[in-house]
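Okay, here's what each chain looks like letter by letter:
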Amino acid sequence: MDRLSDGGPGVGGPTDDPAGWGTMATAAGEFRLRPVRLPADLGLLTRWMNDPEVAAFWELAGPSAVTEGHLRRQLDGDGRSLPCLGLLDDTPMSYWEVYRADLDPLAAHYPARSHDAGLHLLLGPAASRGRGLGTALLAALTDRLLRERPHCERVVAEPDVRNRRSVRAFRRAGFRLAAELDLPDKRAALMVRDRTPHPA
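This text gives an overview of the structure that appears in the document. (Residues numbered from 1 in each chain as written. Predicted model: local features only at pLDDT ≥ 70, side-chain atom pairs only at ≥ 80, totals over all residues. Heavy atoms only, no water.)

**A closer look at the nonpolar core**
Next, step 1: Among the nonpolar cores identified, the biggest contains 31 residues, and Phe31, Trp96, Leu138, Leu141, Leu145 and Val155 are the most heavily contacted of them.
Next, step 2: When contributions to this core are tallied by element, the ones reaching two or more residues are strand 2 (29-35), strand 3 (81-88), strand 4 (91-100), strand 5 (117-123), helix 4 (133-148), strand 6 (154-157), helix 5 (164-172) and strand 8 (186-194).
Next, step 3: For this core, the leading source of residues is helix 4, giving seven residues.
Next, step 4: When sequence neighbours within four positions are dropped, the list of residues in contact with Leu145 reads Trp21, Val98, Ala117, Leu119, Cys152 and Val155.
Next, step 5: The next biggest cluster of nonpolar side chains, apart from the first, holds 13 residues, and it includes Leu45, Met49, Leu71 and Leu87. (Core = buried A, V, L, I, M, F, W, Y, C linked by side-chain atoms within 4.5 Å. Buried < 20%, exposed > 50% of the residue type's maximum accessible area, 1.4 Å probe, protein only. Helix = DSSP H or I, 4+ residues; strand = E, 2+ residues; numbered from the N terminus. Contact = heavy atoms within 4.5 Å.)

Below is the structure:
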């Protein structure tokens, strides 16, 4: 989860909006992102944040005001981080944050490069977890992100090192473990997927 991001310049204009990236074909179905809408999506996202498996790493359990505050900071910010629902065959089943890692406080903790993109995600329904969906969606979205953002040379993520399922999904989606970082709220695995494959 993104305890560092606080809004800031830069995801981009309308052509850079993940909602405009279209549908991505995956083995699991047709996947797409759409920006979170409040108040319409708040109940669903609050339920997901209160799932114990999600709450252990996102730390947003509690009443809807907790989730709403987290979303509003991004929605009312200046575009550095965009909260989105992930829809699989038009059914909401995941939550994503697409953000400019190089403009985020995270950049103080690793050797950031201009236009680095960052991803946070959670799979909402418990039935969506543990069957490879995260890997399939991460791979598809990262491919699309790199296609849509020609100045972005790599995509990063910083899951909690204890979240082995998440780290494994990133690895299987083509990310490599670049380092472990001591962030203000967790020890994180810095996962990196380069546009050009990294030498083994």
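**A look at the environment of Arg176**
Next, step 1: Its location among the elements puts Arg176 in strand 7 (residues 176-183).
Next, step 2: Classification of Arg176 as partly exposed rests on a relative accessible area of 23%.
Next, step 3: Sequence spacing of Arg176 and Val192 is 16 residues, and the spatial spacing of their C-alpha atoms is 5.3 Å.
Next, step 4: Engagement of the side chain of Arg176 in a polar contact is seen with the side chain of Asp194, the distance being 3.0 Å. (Polar contact = N/O pair within 3.5 Å; in protein donor to acceptor, adjacent residues only side chain to side chain.)

**Structural notes on the packing of helix 1 (residues 42-49) against helix 3 (residues 64-75)**
Next, step 1: Relative to each other, helix 1 and helix 3 sit at 105 degrees, their axes nearing to 9 Å. The orientation of helix 1 relative to helix 3 falls into the category roughly perpendicular. Only Ser64, Thr67, Glu68 and Leu71 of helix 3 make contact with helix 1, whose side of the interface consists of Leu42, Leu45, Thr46 and Met49.
Next, step 2: Its residues assigned to classes, the contact of helix 1 with helix 3 shows four nonpolar, three polar and one charged. (Axes fitted to C-alpha atoms, helices over the stretch in contact; angles between N-to-C directions. Parallel < 35°, antiparallel > 145°, perpendicular 65-115°, else oblique. Nonpolar A, V, L, I, M, F, W, Y, C, P; charged D, E, K, R; others polar.)

**Describing the sheet that holds strand 3**
Next, step 1: The strand order across the open sheet built from eight strands is 1-2-3-4-5-6-8-7, with neighbouring strands paired in mixed fashion. With partners counted over all chains shown, the strands left at the sheet margins are strand 1 (24-26) and strand 7, one partner each. Each strand of the sheet is rotated relative to its neighbour by a mean of 30 degrees, with strand direction disregarded.
Next, step 2: Of the pairings in the sheet, the one linking strand 6 to strand 8 comprises four bridges and is antiparallel in character. Bridge pairing links Arg154 to Asp194 in strand 8.
Next, step 3: Packed onto the sheet, helix 1 meets strand 3, strand 4 and strand 5 and runs at close to 85 degrees relative to strand 4. (Pairing = 2+ DSSP bridges.)

**Details of the environment of Ala189**
Next, step 1: Within the secondary structure, Ala189 is located in strand 8.
Next, step 2: Of the residues examined, Ala189 reaches a relative accessible area of 4% and is grouped as buried.
Next, step 3: On a C-alpha basis, the gap between Ala189 and Asp51 in space is 23 Å, while along the polypeptide they are 138 residues apart.
Next, step 4: Sequence-distant contacts of Ala189, that is, excluding residues within four places in its chain, are made with Ala157, Glu158, Pro159, Val161, Val167, Leu177 and Ala179.

**A word on the pairing of strand 5**
Next, step 1: Burial runs high along strand 5: seven of the seven residues are buried.
Next, step 2: Covered by surrounding structure in strand 5 are Ala117, Leu119, Leu121 and Leu123 together with Gly118, His120 and Leu122, the residues of both alternating faces.
Next, step 3: As judged from the seven bridges shared by strand 4 and strand 5, these two strands associate in the antiparallel manner. In the sheet register, Tyr99 faces strand 5, and the bridge partner there is Gly118.
Next, step 4: In terms of strand pairing, strand 5 meets strand 6 through two bridges, oriented parallel. When the sheet's bridge partners are listed, Gly118 is paired in strand 6 with Val156.
Next, step 5: For the crossover that starts at strand 5, traverses helix 4 and ends in the parallel strand 6, the hand is right-handed. (Right-handed = clockwise from strand over helix to strand, strands pointing away.)

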